[in-house]
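Below are the chains, spelled out letter by letter.
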Amino acid sequence: MEYIQIAGVAKPVSRLIKGSDYFRPEVYEKVCENLDAYLAIGGNTIDTAFGYCGGESEKTIGRYMKERNNRDKLVILTKGAHHDANGPRVNKAAIDSDLATSLERLQTDSVELYALHRDDENMPVGAIIEALNEHLEAGRVQAIGASNWTWQRIAEANDYAAAHGLTGFAFSSPNLSLAKVNEPFWKDCVSADEATCDWHERTGLPLLSWSSQARGFFTGRFSPEVRDNAEMVRVFYNDGNWERLRRAGQLAAAKGASVIQIALAYVLQQPFPTCALIGAQNSAELQSCDEGARIQLTTAEREWLDLRRDALALQA
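Conventions used here
- Residues numbered from 1 in each chain as written.
- Predicted model: local features only at pLDDT ≥ 70, side-chain atom pairs only at ≥ 80, totals over all residues.
- Heavy atoms only, no water.
- Helix = DSSP H or I, 4+ residues; strand = E, 2+ residues; numbered from the N terminus.
- Polar contact = N/O pair within 3.5 Å; in protein donor to acceptor, adjacent residues only side chain to side chain.
- Contact = heavy atoms within 4.5 Å.
- Axes fitted to C-alpha atoms, helices over the stretch in contact; angles between N-to-C directions.
- Parallel < 35°, antiparallel > 145°, perpendicular 65-115°, else oblique.
- Left-handed = near helix turned anticlockwise from the far one by under 90°.
- Nonpolar A, V, L, I, M, F, W, Y, C, P; charged D, E, K, R; others polar.
- Salt bridge = Lys/Arg side-chain N within 4 Å of Asp/Glu carboxyl O.
- Buried < 20%, exposed > 50% of the residue type's maximum accessible area, 1.4 Å probe, protein only.
- Core = buried A, V, L, I, M, F, W, Y, C linked by side-chain atoms within 4.5 Å.
- Phe/Tyr/Trp six-rings, centres within 6.5 Å; stacked < 30°, edge-to-face > 60°.
- Pairing = 2+ DSSP bridges.
- Right-handed = clockwise from strand over helix to strand, strands pointing away.
- Expected span 1.5 Å × (residues − 1).

This brings us to the side chain of glutamate 301. Along the chain, the position of glutamate 301 falls in helix α11 (residues 299-305). In terms of polar contacts, glutamate 301 uses its side chain to reach the backbone amide nitrogen of threonine 298, at 2.9 Å. Discounting chain neighbours no more than four positions away, the residues touching glutamate 301 are Leu251, Lys255, Gln296 and Leu312.

Written as structure tokens, this is what we have:
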């Protein structure tokens, strides 16, 4: 397992981050088996959020860490201030309340990584950065980040932080995958486009990608003729992605890998620090992700996969 460093965090962050959006008490034994297997391949970072499973995800992780007595071995990424039925909640009161509740559920005094789950572009970045810095100074979080923020807003926030002697965002967590979206998965979600990736390359800010494997687009279950999943059709069905899928298949055959492993390697072989949030739910899926994370891609291969060059000499 490879790791990256995120400014402010003492522990290294594994490049495969375990997703937990299905963690509930009724599948606790499965959760334990899955997390044990994840740690066994060298993973150490779990992604969760205030809103996942109505709070059950954080509670389940807290129970696991207490029973295994392994909090010191883990990096926890949790998120808060998501919109609710009344609209945006990216404000100091919501941040304070959500973080306090998350820490209680997780049975810990602090988390390594804390991200705002959404943005509210009507809220000045200064007020947001100041609210988050209170928690940094109090030791409740080690690093702050933004999930589903545009790179322009992150840059604005970090400029404010630098000008006022505060700590800015140390990471971003948008969607990044080989398959490009037609429209957002959910309202206000952000997917990394070419300009976003260029900015991350210029700044070196780590990107932690959710839906890094495009919700199974590269598993072989989908084709232009198979249209029984309306969400996949809406988000991913386009000519460019079918060509990316075809090319991933060619490169997989040349490298002795699976297509979805090539798609994962694409995310992890960017020219800036990246991690991939994975939804693997059993040992076989975890092993596949671990193998995919070890695949090396050249710049030419990565650009060819992403349709940024027309030809590539494949070596068997």
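Turning to the packing of helix α9 (residues 259-268) against helix α10 (residues 283-293), a few remarks are in order. It is the contact of α9 with α10, at a shortest axis distance of 8 Å, that shows an interaxial angle of 50 degrees. When the axis of α9 is compared with that of α10, the two are oblique. Both α9 and α10 take part in a crossing whose hand is right-handed. Contacts between α9 and α10 pair Ile260, Gln261, Leu264, Ala265 and Leu268 from the former with Ser288, Cys289, Glu291, Gly292 and Ala293 from the latter. Tallied by class, residues from the contact of α9 with α10 come to six nonpolar, three polar and one charged.

To continue, consider the pattern of salt bridges. Counted under the stated rule, the structure contains 23 salt bridges. Between arginine 68 and aspartate 36 there is a salt bridge, with its nearest N and O atoms 2.7 Å apart. Placement of the pair is arginine 68 in helix α2 (residues 56-68) and aspartate 36 in helix α1 (residues 28-40), with a sequence separation of 32 residues. The closest approach of N and O atoms between glutamate 243 and arginine 246, which form a salt bridge, is 2.5 Å. Separated by three residues within a single helix, glutamate 243 and arginine 246 lie in helix α8 (residues 239-255), roughly one turn from each other. Residue classification places glutamate 243 among the partly exposed positions, given a relative accessible area of 23%. Given a relative accessible area of 43%, arginine 246 falls into the partly exposed group.

It is worth spelling out the nonpolar core at this point. Among the nonpolar cores identified, the biggest contains 61 residues, and Ile6, Leu113, Leu208, Phe217 and Phe218 are the most heavily contacted of them. Apart from the residues lying within four places of it in its own chain, the contact partners of phenylalanine 217 are Ala179, Phe222, Met232, Phe236, Asn241, Trp242 and Leu245. Counting residues in hydrophobic clusters, the runner-up holds 39 residues, among them Val31, Ile61, Val141 and Tyr160.

What follows deals with unusual backbone geometry. A positive phi angle, near 55 degrees, is found at glutamine 107, a position not held by glycine. Although it is not a glycine, aspartate 188 sits at a positive phi angle of roughly 75 degrees. Looking at the secondary structure, you find aspartate 188 in the loop between β8 (171-173) and α6 (194-203).

All chains considered together, the criterion is met by eleven aromatic pairs. Ring geometry for phenylalanine 185 and phenylalanine 236: centres 5.5 Å apart, planes at 75 degrees, overall edge-to-face. Of this pair, phenylalanine 185 sits in the loop between β8 and α6 while phenylalanine 236 sits in helix α7 (residues 230-236), placing them 51 residues apart in sequence. Assigned by exposure class, phenylalanine 185 and phenylalanine 236 land together as buried. For the pair tryptophan 186 and tryptophan 210, a centre-to-centre distance of 6.0 Å together with 35 degrees between the ring planes defines the contact as tilted. Placement of tryptophan 186 in the loop between β8 and α6 and of tryptophan 210 in the loop between β9 (207-209) and α7 is noted, with a sequence separation of 24 residues between them.

Looking now at the pairing of strand β7 (residues 141-147). Counting buried residues in β7 gives six out of seven residues, a clear majority hidden from the surface. Here strand β6 (residues 111-116) pairs with β7 via five bridges, running parallel. Its bridge partner being in β7, leucine 113 is matched across the sheet by alanine 143. Note that the unit made of β6, helix α4 (residues 125-138) and β7 has a crossover that is right-handed. With three bridges connecting them, β7 and β8 associate as parallel partners.

This brings us to α1. Side chains of residues three or four places apart in an α-helix project in the same direction, reflecting 3.6 residues per turn. If you check α1, its first and last C-alpha atoms are 18 Å apart, about what 13 residues at 1.5 Å a residue would give, namely 18 Å. Buried residues along α1 sit in contact with β2 (13-14), β3 (16-19), β4 (45-47), α2 and α10. Trailing α1 by a residue or two, glycine 42 shows a phi angle of about 100 degrees, which is positive.

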